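Geometric and topological summary
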Amino acid sequence: MSASEKLAGKFIVIEGLEGAGKSTAIAYIGKWLALQNMPAENITYTREPGGTELAERMRDIVKMDIKGEELEDKAELLLMYAARVQLVEHVIKPALRNNHIVVGDRHNWSSLAYQGGGRGINSQLIEDIKQVSLGNFNADFTLYLDIDPELGLSRARERGELDRIERLAIDFFERTRQVFLQLVKGNKSAVTIDASQTPELVEKAIFIQLDNWLASL
Ligand code: Z5A
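Conventions we followed
- Residues numbered from 1 in each chain as written.
- Predicted model: local features only at pLDDT ≥ 70, side-chain atom pairs only at ≥ 80, totals over all residues.
- Heavy atoms only, no water.
- Phe/Tyr/Trp six-rings, centres within 6.5 Å; stacked < 30°, edge-to-face > 60°.
- Helix = DSSP H or I, 4+ residues; strand = E, 2+ residues; numbered from the N terminus.
- Lys NZ or Arg CZ within 6 Å of the ring centre and 35° of its normal.
- Axes fitted to C-alpha atoms, helices over the stretch in contact; angles between N-to-C directions.
- Parallel < 35°, antiparallel > 145°, perpendicular 65-115°, else oblique.
- Left-handed = near helix turned anticlockwise from the far one by under 90°.
- Contact = heavy atoms within 4.5 Å.
- Nonpolar A, V, L, I, M, F, W, Y, C, P; charged D, E, K, R; others polar.
- Near = heavy atom within 4 Å.
- Polar contact = N/O pair within 3.5 Å; in protein donor to acceptor, adjacent residues only side chain to side chain.
- Areas by Shrake-Rupley, 256 points an atom, 1.4 Å probe, with all protein chains shown as cover.
- 1 Å grid on protein atoms, 1.4 Å probe; cavity = no way out; pocket = protein on both sides within 12 Å on 5 of 7 lines; lining within 4 Å.
- Sits in = over half its atoms within 2 Å of the grid points.
- Points joined across faces, edges and corners; volume = space filled by probe spheres on them.

Tallying each qualifying case throughout the model produces 6 aromatic pairs. For the pair Phe 141 and Trp 213, a centre-to-centre distance of 4.9 Å together with 5° between the ring planes defines the contact as stacked. Residue Phe 141 is found in strand E4 (residues 141–146), and its partner Trp 213 is found in helix H9 (residues 199–216); the two are separated by 72 residues along the sequence. Feature note: the residues Tyr 114, Tyr 144, Phe 172, Phe 173 and Phe 180 constitute an aromatic cluster, connected by ring pairs. For Arg 84, the ring lying beneath its charged end belongs to Tyr 81, and the centroid distance is 4.7 Å.

Turning next to the packing of helix H2 (residues 22–35) against H9. Axis separation between H2 and H9 bottoms out at 10 Å; the angle between their running directions is 50°. What the angle tells us is that H2 and H9 run oblique. Once H2 is placed against H9, the crossing between them reads as right-handed. From H2, Ala 25, Tyr 28, Ile 29, Lys 31, Trp 32 and Leu 35 reach across to H9, where they touch Pro 199, Val 202, Glu 203, Ile 206, Phe 207, Leu 210, Asp 211 and Leu 214. Classifying every residue of the contact of H2 with H9 by side-chain character gives 11 nonpolar, no polar and 3 charged.

A word on the site of the ligand. Taken together, 29 residues form the shell around the ligand, and within it Glu 18, Lys 22, Ser 23, Lys 63 and Ser 111 come nearest. With respect to the ligand, the side chain of Arg 155 contributes an N or O atom lying 3.2 Å from a nitrogen atom. For the ligand, the accessible surface in isolation is 1,100 Å², of which the surrounding protein chains cover 83%. With respect to the pocket detection grid, the ligand is positioned in the largest pocket. In terms of residue count, helix H5 (residues 108–118) provides more of the shell around the ligand than any other element does, 4 residues in total. Among the residues forming the shell around the ligand, the class breakdown is 9 nonpolar, 9 polar and 11 charged.

Our focus in this paragraph is the layout of surface pockets. By volume, the largest pocket amounts to about 870 Å³. Looking at the lining of the largest pocket, the elements with two or more residues in it are H2, helix H3 (53–63), helix H4 (73–97), H5, helix H7 (149–159) and H9. Considered class by class, the residues forming the lining of the largest pocket number 13 nonpolar, 11 polar and 14 charged. Taken together, 13 residues line the second largest pocket, and the ones lying closest to its centre are Met 64, Glu 69, Glu 70, Leu 71 and Arg 164. A class-by-class count of the residues in the lining of the second largest pocket yields 5 nonpolar, 1 polar and 7 charged.

Quick look at the structure:
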């Protein structure tokens, strides 16, 4: 079986804190897929929250500041899952059925890390919401880009104004990071990439991990 046949119908996810370099890493994954002769028209890229018209509107709500009304943590969590259900049902599952490879900028682990670790919402409650909304649907392979939150936020700051979540205190991101690290530890189909390295080294590390994963398929 060729590499592109093995990769057809698979869902790869990139996770990490802001400024970890997810957008940059996704371009490296695209480059790697081209090396595997995966036709560009058979690659679907997604981002979360977002990726459908309704999910993008939910993304706007999650990011916006409304004077005099705080978005409740549980409302934020539910919006993340509402957006995810729209994306999974309308884009990801149809693409996988069509033998596309799907490359996701964030997925379920972001909710466990940000809303669970960062906000402190009970992880069992998040698991229950995940089960109710997505069942056993999961990524086939997750690349977690690990970065010290100070460094990630300084990169994000250089790019422009910070949004509602990005302005939270550093310990929020420390807790978020710890959950990501735990999730990778407990999952055989996930790896950590040191995102504090130069872009060239990050690219190299991603290629090695993707090669290893492909060899295991
Ligand atoms: N969120 C949540 O709370 N719960 C959920 O379930 C989900 C999401 C799904 C999404 O915002 C927000 O929603 C996010 C989590 C929350 N919270 N915040 N805040 P987003 O999509 O707008 O933001 P993001 O996902 O964090 O992406 P980002 O800020 O755009 O970061 P990035 O894609 O990881 O980084 P980048 O754009 O590739 O790189 C950042 C800069 O660093 C850029 O200038 C690069 O040129 C530079 N860069 C990249 N790599 C390197 C290296 N290796 N060295 C030096 N500089 C680099």
